Amino acid sequence: MNNLTVVDNPLVKRDITVLRNKDTRPADFRAALGRISYSIAVEISKNFQLNEIEVVTPLETTIGYELQKQVVLVPVLRAGLSMVNSFLDMIPEAKVGHIGLQRNEKTLMPEDYYYKTPKDIGSSVTIVLDPMLATGGSAAAAFKYLKERGAGESYLACLIAAPEGVKKMYDEHPDIKIYTAALDRELNEVGYIVPGLGDAGDRTFGTF
Ligand SMILES: O=P(O)(O)OC[C@H]1O[C@H](OP(=O)(O)OP(=O)(O)O)[C@H](O)[C@@H]1O
Ligand SMILES: O=c1cc[nH]c(=O)[nH]1
Ligand SMILES: [Mg+2]
(Lines give C-alpha, C1' and ligand atoms only; values in the text may rest on other atoms or scores of the structure.)
(Ligands and ions follow the chains in the order given, each with its own letter.)
Protein backbone atom coordinates (compact mmCIF):
# COMPACT_ATOMS: atom_id res chain seq x y z
CA MET A 1 0.00 0.00 0.00
CA ASN A 2 1.36 3.40 -0.94
CA ASN A 3 0.67 4.87 2.50
CA LEU A 4 3.57 2.90 4.01
CA THR A 5 7.35 3.45 4.13
CA VAL A 6 9.48 0.81 5.84
CA VAL A 7 12.72 2.47 6.92
CA ASP A 8 15.52 0.32 5.52
CA ASN A 9 18.68 0.76 7.56
CA PRO A 10 21.10 -1.80 9.07
CA LEU A 11 21.21 -0.04 12.46
CA VAL A 12 17.41 -0.02 12.61
CA LYS A 13 17.29 -3.74 11.80
CA ARG A 14 19.83 -4.42 14.57
CA ASP A 15 17.82 -2.37 17.07
CA ILE A 16 14.48 -3.93 16.12
CA THR A 17 16.12 -7.24 17.00
CA VAL A 18 17.01 -5.83 20.44
CA LEU A 19 13.37 -4.81 20.92
CA ARG A 20 12.01 -8.19 19.82
CA ASN A 21 14.25 -10.12 22.22
CA LYS A 22 12.11 -11.12 25.22
CA ASP A 23 15.16 -10.89 27.50
CA THR A 24 15.88 -7.20 26.75
CA ARG A 25 15.39 -5.20 29.96
CA PRO A 26 13.45 -1.89 30.02
CA ALA A 27 16.57 0.34 30.07
CA ASP A 28 18.01 -1.31 26.94
CA PHE A 29 14.54 -1.44 25.38
CA ARG A 30 14.09 2.33 25.84
CA ALA A 31 17.56 3.02 24.47
CA ALA A 32 16.98 0.96 21.30
CA LEU A 33 13.53 2.49 20.83
CA GLY A 34 15.09 5.95 21.11
CA ARG A 35 17.81 5.16 18.55
CA ILE A 36 15.29 3.84 16.00
CA SER A 37 13.16 6.95 16.55
CA TYR A 38 16.05 9.12 15.31
CA SER A 39 16.08 7.24 11.99
CA ILE A 40 12.30 7.49 11.61
CA ALA A 41 12.44 11.23 12.35
CA VAL A 42 15.05 11.70 9.62
CA GLU A 43 12.93 9.79 7.08
CA ILE A 44 9.77 11.76 7.86
CA SER A 45 11.67 15.05 7.75
CA LYS A 46 12.49 14.45 4.07
CA ASN A 47 8.90 15.61 3.42
CA PHE A 48 9.36 18.97 5.17
CA GLN A 49 9.23 22.15 3.09
CA LEU A 50 11.88 24.83 3.71
CA ASN A 51 12.01 28.62 3.45
CA GLU A 52 15.22 30.16 2.19
CA ILE A 53 16.65 32.72 4.59
CA GLU A 54 19.81 34.80 4.72
CA VAL A 55 22.45 33.79 7.22
CA VAL A 56 25.53 35.82 8.06
CA THR A 57 28.62 33.69 8.61
CA PRO A 58 31.82 35.19 10.09
CA LEU A 59 32.92 35.60 6.44
CA GLU A 60 29.89 36.61 4.35
CA THR A 61 26.15 36.50 3.91
CA THR A 62 24.80 33.30 2.35
CA ILE A 63 21.63 31.28 1.86
CA GLY A 64 20.27 29.26 4.79
CA TYR A 65 17.04 27.42 5.50
CA GLU A 66 14.31 27.26 8.10
CA LEU A 67 11.36 24.87 8.38
CA GLN A 68 8.30 26.33 6.64
CA LYS A 69 5.80 24.94 9.14
CA GLN A 70 5.65 24.48 12.88
CA VAL A 71 6.00 20.79 13.79
CA VAL A 72 3.67 19.24 16.38
CA LEU A 73 4.59 15.87 17.86
CA VAL A 74 1.72 13.87 19.33
CA PRO A 75 2.76 10.80 21.33
CA VAL A 76 -0.01 8.30 22.06
CA LEU A 77 0.23 7.43 25.76
CA ARG A 78 1.89 5.50 27.09
CA ALA A 79 4.22 3.79 24.66
CA GLY A 80 4.55 6.79 22.33
CA LEU A 81 6.28 8.75 25.10
CA SER A 82 9.50 6.85 24.55
CA MET A 83 9.81 8.29 21.02
CA VAL A 84 9.42 11.95 22.03
CA ASN A 85 12.94 12.77 23.19
CA SER A 86 14.58 11.52 19.99
CA PHE A 87 12.16 13.49 17.83
CA LEU A 88 12.72 16.58 19.99
CA ASP A 89 16.49 16.17 19.66
CA MET A 90 16.05 16.30 15.87
CA ILE A 91 13.30 18.96 15.84
CA PRO A 92 13.89 21.02 19.02
CA GLU A 93 11.44 23.73 17.99
CA ALA A 94 8.54 21.24 17.83
CA LYS A 95 5.52 21.55 20.10
CA VAL A 96 4.21 18.43 21.85
CA GLY A 97 0.58 17.42 22.24
CA HIS A 98 -0.58 14.27 24.02
CA ILE A 99 -3.31 11.74 23.35
CA GLY A 100 -4.17 9.10 25.95
CA LEU A 101 -5.60 5.89 24.49
CA GLN A 102 -5.72 2.40 25.90
CA ARG A 103 -6.87 -0.64 24.00
CA ASN A 104 -9.61 -2.61 25.72
CA GLU A 105 -8.06 -6.07 25.98
CA LYS A 106 -11.36 -7.85 25.19
CA THR A 107 -12.87 -5.72 22.44
CA LEU A 108 -9.49 -4.37 21.14
CA MET A 109 -11.22 -0.99 20.79
CA PRO A 110 -9.26 2.10 21.93
CA GLU A 111 -10.62 3.89 24.99
CA ASP A 112 -9.61 7.55 25.27
CA TYR A 113 -8.61 9.18 28.56
CA TYR A 114 -6.59 12.31 27.73
CA TYR A 115 -6.24 14.92 24.98
CA LYS A 116 -4.09 18.06 24.89
CA THR A 117 -2.91 19.50 21.60
CA PRO A 118 -1.67 22.96 20.56
CA LYS A 119 -4.21 25.38 19.05
CA ASP A 120 -2.28 26.07 15.83
CA ILE A 121 -2.33 22.45 14.71
CA GLY A 122 -4.08 23.38 11.44
CA SER A 123 -1.07 25.25 10.04
CA SER A 124 1.46 22.74 11.44
CA VAL A 125 2.97 19.45 10.36
CA THR A 126 1.65 16.84 12.80
CA ILE A 127 3.53 13.64 13.62
CA VAL A 128 1.75 11.02 15.73
CA LEU A 129 4.20 8.84 17.67
CA ASP A 130 3.22 5.30 18.65
CA PRO A 131 5.58 2.32 18.38
CA MET A 132 2.82 -0.23 17.65
CA LEU A 133 0.26 -0.22 14.82
CA ALA A 134 -1.77 -3.39 15.47
CA THR A 135 -5.48 -3.33 14.56
CA GLY A 136 -5.02 0.36 13.75
CA GLY A 137 -7.88 1.32 16.05
CA SER A 138 -5.73 3.60 18.23
CA ALA A 139 -3.99 5.35 15.32
CA ALA A 140 -7.27 5.83 13.44
CA ALA A 141 -8.87 7.32 16.57
CA ALA A 142 -5.87 9.64 17.11
CA PHE A 143 -6.07 11.02 13.56
CA LYS A 144 -9.87 11.37 13.77
CA TYR A 145 -9.40 13.57 16.83
CA LEU A 146 -6.59 15.58 15.24
CA LYS A 147 -8.48 16.14 11.99
CA GLU A 148 -11.55 17.31 13.92
CA ARG A 149 -9.22 19.98 15.31
CA GLY A 150 -8.04 20.95 11.83
CA ALA A 151 -4.83 18.94 11.40
CA GLY A 152 -3.48 19.10 7.86
CA GLU A 153 -0.18 17.58 6.72
CA SER A 154 0.30 14.64 9.08
CA TYR A 155 2.43 11.52 9.51
CA LEU A 156 2.38 8.41 11.69
CA ALA A 157 5.72 7.28 13.12
CA CYS A 158 5.76 3.72 14.41
CA LEU A 159 8.25 0.93 14.96
CA ILE A 160 6.28 -2.21 14.16
CA ALA A 161 3.20 -2.30 11.96
CA ALA A 162 0.79 -5.14 11.21
CA PRO A 163 -0.81 -5.40 7.75
CA GLU A 164 -4.24 -5.13 9.40
CA GLY A 165 -3.38 -1.74 10.91
CA VAL A 166 -1.86 -0.42 7.70
CA LYS A 167 -5.07 -1.37 5.86
CA LYS A 168 -7.32 0.25 8.46
CA MET A 169 -5.31 3.46 8.23
CA TYR A 170 -5.49 3.33 4.42
CA ASP A 171 -9.25 2.80 4.51
CA GLU A 172 -9.97 5.54 7.09
CA HIS A 173 -7.09 8.00 6.59
CA PRO A 174 -5.58 7.43 3.12
CA ASP A 175 -3.88 10.83 3.28
CA ILE A 176 -1.67 9.85 6.22
CA LYS A 177 1.81 8.56 5.39
CA ILE A 178 2.99 5.86 7.79
CA TYR A 179 6.68 5.36 8.57
CA THR A 180 7.67 2.14 10.32
CA ALA A 181 10.86 0.28 11.15
CA ALA A 182 9.28 -3.13 10.43
CA LEU A 183 6.17 -4.57 8.79
CA ASP A 184 5.29 -7.79 10.60
CA ARG A 185 3.30 -10.83 9.46
CA GLU A 186 -0.09 -10.55 11.18
CA LEU A 187 -2.08 -10.18 14.39
CA ASN A 188 -2.61 -13.22 16.60
CA GLU A 189 -5.97 -14.28 18.05
CA VAL A 190 -5.71 -11.75 20.91
CA GLY A 191 -4.70 -8.82 18.72
CA TYR A 192 -0.94 -8.85 19.31
CA ILE A 193 1.47 -8.30 16.45
CA VAL A 194 3.49 -11.42 15.54
CA PRO A 195 6.37 -11.87 15.64
CA GLY A 196 6.20 -8.42 17.27
CA LEU A 197 7.78 -7.46 20.57
CA GLY A 198 4.92 -7.91 23.05
CA ASP A 199 3.31 -4.96 24.82
CA ALA A 200 5.43 -1.90 24.05
CA GLY A 201 4.11 0.13 27.00
CA ASP A 202 4.79 -2.63 29.51
CA ARG A 203 8.26 -3.33 28.12
CA THR A 204 9.16 0.38 28.13
CA PHE A 205 8.00 1.08 31.67
CA GLY A 206 8.53 -2.31 33.32
CA THR A 207 4.84 -2.88 34.12
CA PHE A 208 4.82 -6.65 33.76
O1 LIG B 1 -3.51 -0.69 16.76
P2 LIG B 1 -4.16 -1.05 18.06
O3 LIG B 1 -4.85 -2.39 18.00
O4 LIG B 1 -5.08 0.03 18.56
O5 LIG B 1 -3.01 -1.28 19.13
C6 LIG B 1 -1.95 -0.41 19.25
C7 LIG B 1 -2.00 0.32 20.55
O8 LIG B 1 -1.72 -0.59 21.62
C9 LIG B 1 -0.64 -0.10 22.41
O10 LIG B 1 -1.10 0.72 23.45
P11 LIG B 1 -1.88 0.11 24.71
O12 LIG B 1 -3.36 0.12 24.47
O13 LIG B 1 -1.26 -1.18 25.08
O14 LIG B 1 -1.60 1.22 25.81
P15 LIG B 1 -0.26 1.49 26.64
O16 LIG B 1 0.70 2.19 25.72
O17 LIG B 1 -0.71 2.35 27.76
O18 LIG B 1 0.28 0.17 27.11
C19 LIG B 1 0.16 0.69 21.41
O20 LIG B 1 1.08 1.57 22.00
C21 LIG B 1 -0.90 1.37 20.58
O22 LIG B 1 -1.36 2.59 21.13
O1 LIG C 1 1.58 -6.34 19.70
C2 LIG C 1 1.06 -5.34 20.24
C3 LIG C 1 -0.24 -4.89 19.91
C4 LIG C 1 -0.73 -3.77 20.51
N5 LIG C 1 0.03 -3.13 21.42
C6 LIG C 1 1.27 -3.54 21.76
O7 LIG C 1 1.95 -2.92 22.59
N8 LIG C 1 1.75 -4.64 21.15
MG1 LIG D 1 0.18 -1.48 26.26
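Residues numbered from 1 in each chain as written. Chains lettered and ligands numbered in written order. Predicted model: local features only at pLDDT ≥ 70, side-chain atom pairs only at ≥ 80, totals over all residues. Heavy atoms only, no water.

1. Quick look at the coordination of the magnesium ion (ligand 3)
Now for step 1: Distances from the magnesium ion (ligand 3) to its protein donors, namely D199 (OD) and D199 (OD), fall within the range 2.4 to 2.5 Å.
Now for step 2: Tracing the sequence through the fold places D199 in the loop between β15 (193-194) and α6 (200-205). (Donors = N, O, S within 2.8 Å, 3.2 Å for Na, K, Ca; no water. Helix = DSSP H or I, 4+ residues; strand = E, 2+ residues; numbered from the N terminus.)

2. Structural notes on the UniProt feature "domain: Phosphoribosyltransferase" (unreviewed entry) in the chain
Now for step 1: The UniProt record annotates "domain: Phosphoribosyltransferase" (unreviewed entry) at residues 6-207.
Now for step 2: Secondary structure across residues 6-207 comprises 34% helix and 30% strand; the distance between its end C-alpha atoms is 29 Å. (UniProt positions renumbered as here; feature names shortened; annotations may be inferred.)

3. A closer look at the site of ligand 1
Now for step 1: In the neighbourhood of ligand 1, 17 residues make up the surrounding shell, with R78, R103, D130, T135 and S138 lying closest.
Now for step 2: G136 is positioned with one of its backbone polar atoms (N or O) 2.8 Å from an oxygen atom of ligand 1.
Now for step 3: Contact distances for ligand 1 include 2.6 Å between an oxygen atom and a side-chain N or O atom of S138.
Now for step 4: In isolation ligand 1 exposes 510 Å². Once the protein is present, 94% of that is buried.
Now for step 5: Those elements that place two or more of their residues in the shell around ligand 1 are β4 (71-77), β6 (98-103), β9 (132-133) and α4 (137-148).
Now for step 6: Of the residues assigned to the shell around ligand 1, the class counts are seven nonpolar, six polar and four charged. (Near = heavy atom within 4 Å. Polar contact = N/O pair within 3.5 Å; in protein donor to acceptor, adjacent residues only side chain to side chain. Areas by Shrake-Rupley, 256 points an atom, 1.4 Å probe, with all protein chains shown as cover. Nonpolar A, V, L, I, M, F, W, Y, C, P; charged D, E, K, R; others polar.)

4. Some details on the nonpolar core
Now for step 1: Judged by nonpolar contacts, the single largest core of 37 residues is most densely connected at L19, I40, I44, F87 and I127.
Now for step 2: Of all elements in the fold, only α1 (10-20), α2 (26-45), β4, α3 (81-90), β8 (125-129) and β10 (154-157) reach the threshold of two or more residues within this core.
Now for step 3: No other element matches the seven residues that α2 contributes to this core.
Now for step 4: Residues within four places of F87 in sequence aside, it is in contact with S37, I40, A41, I44, L73, I127, L129 and A157.
Now for step 5: Membership of the second largest hydrophobic core comes to 23 residues, among which are A140, A142, A151 and C158. (Core = buried A, V, L, I, M, F, W, Y, C linked by side-chain atoms within 4.5 Å. Buried < 20%, exposed > 50% of the residue type's maximum accessible area, 1.4 Å probe, protein only. Contact = heavy atoms within 4.5 Å.)

5. A few points about the pattern of salt bridges
Now for step 1: Taken as a whole and judged by the stated rule, the model has 15 salt bridges.
Now for step 2: Its salt-bridge partner being D184, residue R20 comes within 2.7 Å of it at the nearest N-O pair. In this pair, R20 is assigned in helix α1 and D184 in the loop between β13 (182-183) and β14 (186-187), connecting sequence segments 164 residues apart.
Now for step 3: Relative accessible area serves as the criterion here: at 7%, D184 is assigned to the buried category.
Now for step 4: The residue K69 makes a salt bridge to E153 at a minimum N-O spacing of 3.0 Å. Linking K69 in the loop between β3 (61-67) and β4 with E153 in the loop between α4 and β10, this pair joins segments that are 84 residues apart in sequence. (Salt bridge = Lys/Arg side-chain N within 4 Å of Asp/Glu carboxyl O.)

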